[in-house]
Amino acid sequence: MQVMTEHTERDGDYEHHGGFPVYAADPDNGGPHFGRLVEALRTVQDLAVSTAPPPEVIAQAAEQAEALAALLAPYTAPEGHYPAGRSVGLPGRGSLLMLPWTVEKFDRTGVRSTGVFRRYHMGGNGAAHGGVLPLLFDDLFGMITHAAGRPISRTGYLHVNYRKITPLETPLVVEGRVDRVDGRKTFVSARLTEPDGTLLADAEALMIVLLPGQP
Ligand SMILES: CCCCC/C=C\C/C=C\C/C=C\C/C=C\CCCC(=O)SCCNC(=O)CCNC(=O)[C@H](O)C(C)(C)COP(=O)(O)OP(=O)(O)OC[C@H]1O[C@@H](n2cnc3c(N)ncnc32)[C@H](O)[C@@H]1OP(=O)(O)O
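Residues numbered from 1 in each chain as written. Predicted model: local features only at pLDDT ≥ 70, side-chain atom pairs only at ≥ 80, totals over all residues. Heavy atoms only, no water.

Undergrad: Just give me the short version of the sheet that holds strand S3 (residues 153-162), but keep the residues and values in it.
TA: In space, the 6 strands of this open sheet follow the order S1-S2-S4-S5-S6-S3, with antiparallel pairing throughout. With one partner strand each, in any of the chains shown, strand S1 (102-107) and S3 form the two edges of the open sheet. For this sheet, the mean inter-axis angle between neighbouring strands, taken without regard to orientation, is 15 degrees. Bridging between S1 and strand S2 (residues 110-115) involves 5 bridges; their strand directions are antiparallel. Within S2, the position partnered with Asp107 by the bridge is Gly110. Most of the contacts of helix H4 (residues 132-147) go to strand S5 (residues 185-193), to which it runs at about 130 degrees, and overall it touches S1, S2, S3, strand S4 (172-182), S5 and strand S6 (199-209). (Pairing = 2+ DSSP bridges. Helix = DSSP H or I, 4+ residues; strand = E, 2+ residues; numbered from the N terminus. Axes fitted to C-alpha atoms, helices over the stretch in contact; angles between N-to-C directions. Contact = heavy atoms within 4.5 Å.)

This is the structure in structure tokens:
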């Protein structure tokens, strides 16, 4: 996947991306063990919201979690200088915040991503939490805008239509594109479906190109 593509219609300003620093993808995806660490942490997240261990096991888990945090804490780095969010070869670009989905198509005509919602993403009665769908769509819309060669943009609005209960642990597809461009405004839309095409949710959003210096 190409990142920070070279140029667009706002050529002169493009390198500034508003007030954003220029990010680059991590070509090593965080090195040989990073993907494994992120996957293990995701499994811990799944278990943290779905297990009921006895107090002595909780105490042991707390100690191990505290030890892990102490191990990593000395290596805190500035934004854009850690692999999370920049490892485009990993699910969710290696960011625990993002859904662990895999980008399958990334070009000017749109972006498609596939994956599952896991136990961690559950809302009520076995279905995906309503809040994780906007997260999926928002990140997709950022990628769509980027893949279309637009400078860094922020979401002005994001509208989600929940059409059907979104299941967990079921392979799903999300795909979207730029519908229209009007100056700084990029209008985008996307659909979340089951592999057989059953529509679960659709969304539309307005992405607004940042002006120089805008945060
Ligand atoms: C990080 C990547 C690392 C590399 C890894 C590799 C690959 C990754 C791939 C892709 C990812 C790449 C990049 C993604 C990076 C960053 C994306 C971050 C996205 C976000 O983090 S997103 C967070 C939620 N987002 C906000 O936090 C926005 C808060 N907000 C504001 O910051 C301002 O609001 C702002 C600046 C957006 C606009 O403010 P402003 O003052 O400059 O402009 P203004 O208000 O004049 O709007 C201009 C025109 O939009 C119309 N308009 C505005 N809002 C509207 C609305 N709601 N409905 C209808 N129309 C609306 C106006 O009516 C006017 O229209 P007109 O010109 O026609 O009059």
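Undergrad: I'd like a description of the pairing of S2, backed by residues and values.
TA: Burial within S2 is extensive, with 5 of its 6 residues counted as buried. A loop of 2 residues connects S1 with S2, the two strands running antiparallel in sequence. Judged from the 5 bridges that link them, S2 and S4 form a sheet pairing that is antiparallel. Bridge pairing in S4 links Gly115 to Leu172. (Buried < 20%, exposed > 50% of the residue type's maximum accessible area, 1.4 Å probe, protein only.)

Undergrad: Could you give an account of H4, naming the residues involved and the relevant values?
TA: Between its first and last C-alpha, H4 extends 22 Å over 16 residues, near the 22 Å set by a 1.5 Å rise per residue. Of all 16 residues making up H4, 12 are buried, and the element is well covered by its neighbours. Looking at the residues trailing H4, positive phi occurs at Gly149, about 85 degrees. (Expected span 1.5 Å × (residues − 1).)

Undergrad: How would you summarise unusual backbone geometry if you had to cite specific residues and measurements?
TA: Positioned with a positive phi, Arg93 is a non-glycine residue whose angle comes to about 50 degrees. Examined against the element boundaries, Arg93 turns out to sit in the loop between helix H3 (55-72) and S1. Here Glu169, not a glycine, exhibits a phi torsion of approximately 50 degrees, which is positive.

Undergrad: A description of the packing of aromatic side chains should follow, citing residues and the corresponding values.
TA: All chains considered together, the criterion is met by 2 aromatic pairs. A centroid spacing of 6.2 Å and a plane angle of 20 degrees characterise the contact between Phe137 and Phe141, whose relative ring orientation is stacked. In this pair, Phe137 and Phe141 both sit in helix H4, 4 residues apart, roughly one turn of the helix. When its relative accessible area of 0% is taken as the criterion, Phe137 is described as buried. Take Phe141: its relative accessible area is 0%, and that puts it in the buried class. (Phe/Tyr/Trp six-rings, centres within 6.5 Å; stacked < 30°, edge-to-face > 60°.)

Undergrad: Describe the pattern of salt bridges, and please don't skip the residues or the numbers.
TA: The tally for this structure, following the rule as stated, stands at 8 salt bridges. We note a salt bridge from Glu39 to Arg118, for which the minimum N-O separation is 3.1 Å. Here Arg118 lies in the loop between S2 and H4 and Glu39 lies in helix H2 (residues 34-48), a separation of 79 residues in the sequence. Between Asp202 and Arg163 there is a salt bridge, and its shortest N-O distance comes to 2.7 Å. Separated by 39 residues along the polypeptide, Asp202 in strand S6 and Arg163 in the loop between S3 and S4 bring together distant segments of the chain. Classification of Asp202 by relative accessible area gives buried; the value is 14%. A single network of salt bridges, built from pairs that share partners, joins Glu104, Lys105, Arg112 and Glu175. (Salt bridge = Lys/Arg side-chain N within 4 Å of Asp/Glu carboxyl O.)

Undergrad: Break down the UniProt feature "domain: Thioesterase" (unreviewed entry) in the chain for me, with residues and values.
TA: UniProt's feature table lists "domain: Thioesterase" (unreviewed entry) at residues 125-200, given in the numbering used throughout. As a span, residues 125-200 carries 21% helix and 42% strand, and end to end its C-alpha atoms are 16 Å apart. (UniProt positions renumbered as here; feature names shortened; annotations may be inferred.)

Undergrad: A description of the pairing of S6 should follow, citing residues and the corresponding values.
TA: Judged by how many residues are buried, S6 sits mostly within the fold: 8 of 11 residues are covered. Taken together, the 9 bridges between S3 and S6 define a ladder with antiparallel strand orientation. Pairing of Asn161 across the sheet is with Asp202, part of S6. Bridge count between S5 and S6: 9 bridges; the pairing is antiparallel. Within S6, the residue paired with Thr186 across the bridge is Met207. Between S5 and S6, which pair antiparallel and follow one another directly, the connecting turn spans 5 residues, one of which, Gly197, has a positive phi of 95 degrees.

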